[in-house]
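Spelled out, the chains give:
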Amino acid sequence: MVHIIWVGLAAVGIVYAMFNGTIEEVNEVIFESANESVYLIISLVSILVFWLGLMRIAEEAGLLVKLATLFKPLFTRLFPDIPHDHPAMGYILSNFSANLFGLGNAATPLGIKAMHEMKKLNEDKEEASRSMITFLALNTSSVTLIPTTIIAIRMQYDSVAPTEIVISTILATLISTTGAILVDRYFYYRRQGRLDYDSSVK
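Procedures and definitions
Residues numbered from 1 in each chain as written. Predicted model: local features only at pLDDT ≥ 70, side-chain atom pairs only at ≥ 80, totals over all residues. Heavy atoms only, no water. Helix = DSSP H or I, 4+ residues; strand = E, 2+ residues; numbered from the N terminus. Contact = heavy atoms within 4.5 Å. Areas by Shrake-Rupley, 256 points an atom, 1.4 Å probe, with all protein chains shown as cover. Phe/Tyr/Trp six-rings, centres within 6.5 Å; stacked < 30°, edge-to-face > 60°. Buried < 20%, exposed > 50% of the residue type's maximum accessible area, 1.4 Å probe, protein only.

Novice: How do you make sense of the overall build of the protein when you look at a structure like this?
Specialist: Per the secondary structure count, the protein includes 8 helices and 0 strands. Starting at the N terminus and ending at the C terminus, the protein contains elements arranged as α-α-α-α-α-α-α-α. Restricting the contact set of the protein to residue pairs at least 6 apart, pairs at least 24 apart contribute 63%. For the protein, the accessible surface area stands at approximately 13,800 Å², while carbon and sulfur atoms represent 68% of it.

Novice: In this structure, what is going on with the packing of aromatic side chains? I would like to understand it.
Specialist: Each aromatic ring pair is characterised by the separation of its centres together with the angle its planes make. If you walk through the whole model with that rule in mind, you get 4 aromatic pairs. With 5.9 Å between their ring centres and 15 degrees between their planes, phenylalanine 75 and phenylalanine 79 make a pair best called stacked. You can call phenylalanine 75 buried: its relative accessible area is 2%. Taking relative accessible area as the criterion, phenylalanine 79 reaches 0% and is therefore assigned buried. With 5.1 Å between their ring centres and 70 degrees between their planes, tyrosine 188 and tyrosine 189 make a pair best called edge-to-face. Classification of tyrosine 188 as partly exposed rests on a relative accessible area of 22%. One aromatic cluster is present, formed by Phe75, Phe79 and Phe96 through successive ring pairs.

And the structure:
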């Protein structure tokens, strides 16, 4: 659905430019944006490699394991239907730890593996389980303490203080994550209430 929206927006823009007589300007912007995108991606590689290297050092030093152990009591409450020693819980904690450092690229494969393991625990293969929905809500809320990619982009565009967004990012992630958990629990208990009501009526 999203790709249809993007194609529609592009088509509307091109048609409007043709009727407005600005199609040449549109073509120039397209090529300039393409060149700038390639330059930006190449320039971000070194910074992202640096942060991924730090992430690897932290992993080898056992920092991520300690971080996962720290958050384990919280996550066992958030995902009560997953056994604490199940591989899914390990992938969830690793995904969360990577997201905390703003390493979305490193967190994505861990998130996919977590979903795969949770699917094994799900008896109903046609519907998402409670844990899968909760995990998706947490990932959508963008749990991040250090927005590595955004800092790298701000550095690339010569920001005076590229790391000044850290405090606002922490506040934003606290609000969004708390909201995601509250909404997730609200709809879960609301659904459970309906199921209990229907079973009592029958």
